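Observations on the model geometry
What follows is the residue order along each chain.
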Amino acid sequence: MSLSHLVLSSGRSIALTELRMSSTYGGMLEGYPCKRINDMKVGSLQRQAEHAFSYTPVHLVPPSREYPDQTVGAFGPVEVLPSVVCIGVFGSTAVDPELDPVLHRSALVVAWFQATADVPSGEDADLALRSIRWEELAKDYEL
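About the thresholds
Residues numbered from 1 in each chain as written. Predicted model: local features only at pLDDT ≥ 70, side-chain atom pairs only at ≥ 80, totals over all residues. Heavy atoms only, no water. Buried < 20%, exposed > 50% of the residue type's maximum accessible area, 1.4 Å probe, protein only. Helix = DSSP H or I, 4+ residues; strand = E, 2+ residues; numbered from the N terminus. Pairing = 2+ DSSP bridges. Phe/Tyr/Trp six-rings, centres within 6.5 Å; stacked < 30°, edge-to-face > 60°. Polar contact = N/O pair within 3.5 Å; in protein donor to acceptor, adjacent residues only side chain to side chain. Contact = heavy atoms within 4.5 Å.

1. Quick look at the pairing of strand β7 (residues 104-114)
β7 sits mainly inside the fold: ten of its eleven residues count as buried. In the sheet, strand β6 (residues 84-93) pairs with β7 via ten bridges, with the strands oriented antiparallel. Its bridge partner being in β7, Ile87 is matched across the sheet by Ala111. For β7 and strand β8 (residues 139-142), the ladder comprises four bridges, and the chain directions are antiparallel.

2. So, the packing of aromatic side chains
The relation between two aromatic rings is expressed through the spacing of the ring centres and the mutual angle of the planes. Per the counting criterion, the structure on display carries three aromatic pairs. The interplanar angle of 75° and the centroid separation of 6.1 Å between the aromatic rings of Phe53 and Tyr55 together place this pair among those described as edge-to-face. A residue is classified by how much of its surface remains accessible, and Phe53, at 4% relative accessible area, is buried. Residues Phe90 and Trp112 carry aromatic rings whose centres are separated by 6.0 Å and whose planes lie at 45° to one another, so their mutual orientation is tilted. Of the two residues, Phe90 is situated in strand β6 and Trp112 in strand β7; the sequence distance between them amounts to 22 residues. The exposure classification of Phe90 matches that of Trp112, with both residues buried.

3. Section: the side chain of Thr56
Mapped onto the elements, Thr56 comes out in the loop between α1 (35-52) and β3 (58-60). Taking relative accessible area as the criterion, Thr56 reaches 10% and is therefore assigned buried. Of the polar contacts made by the side chain of Thr56, one reaches the backbone oxygen of Ala107; its length is 3.4 Å. Not counting chain neighbours up to four residues away, the residues in contact with Thr56 comprise Ala107, Leu108, Val109 and Lys139.

On their own, these measurements won't tell you what the molecule is for.
Structure follows, in structure tokens:
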């Protein structure tokens, strides 16, 4: 059973079968969000997804970055990522049209940041998430 379904910009329907969410800045004890910290968070998210789901390709959707303050501190200007970190497992029909559609599917793990803790669904999902190039990134597998 799927948690939700999305239709990508390409028209392909994908199903979200597993979702992990956490706070982007949870556990940050000192300092403030800046480019250096955020670059580490983005890299860590990619590595975390690759480690947890080593059986399928992982794609990181580059996050948006906001600069709400013109103040420059010791680590440079304040730079803020969306507040929720997500890792999702998505599935769809096989990419290779020559494969038997009854026996084969495709999968892709996607890591992304979003503003709220809502499950992405339908056309309400972020455009960057719906713009995934499934045919290039996903991997076919046999059931």
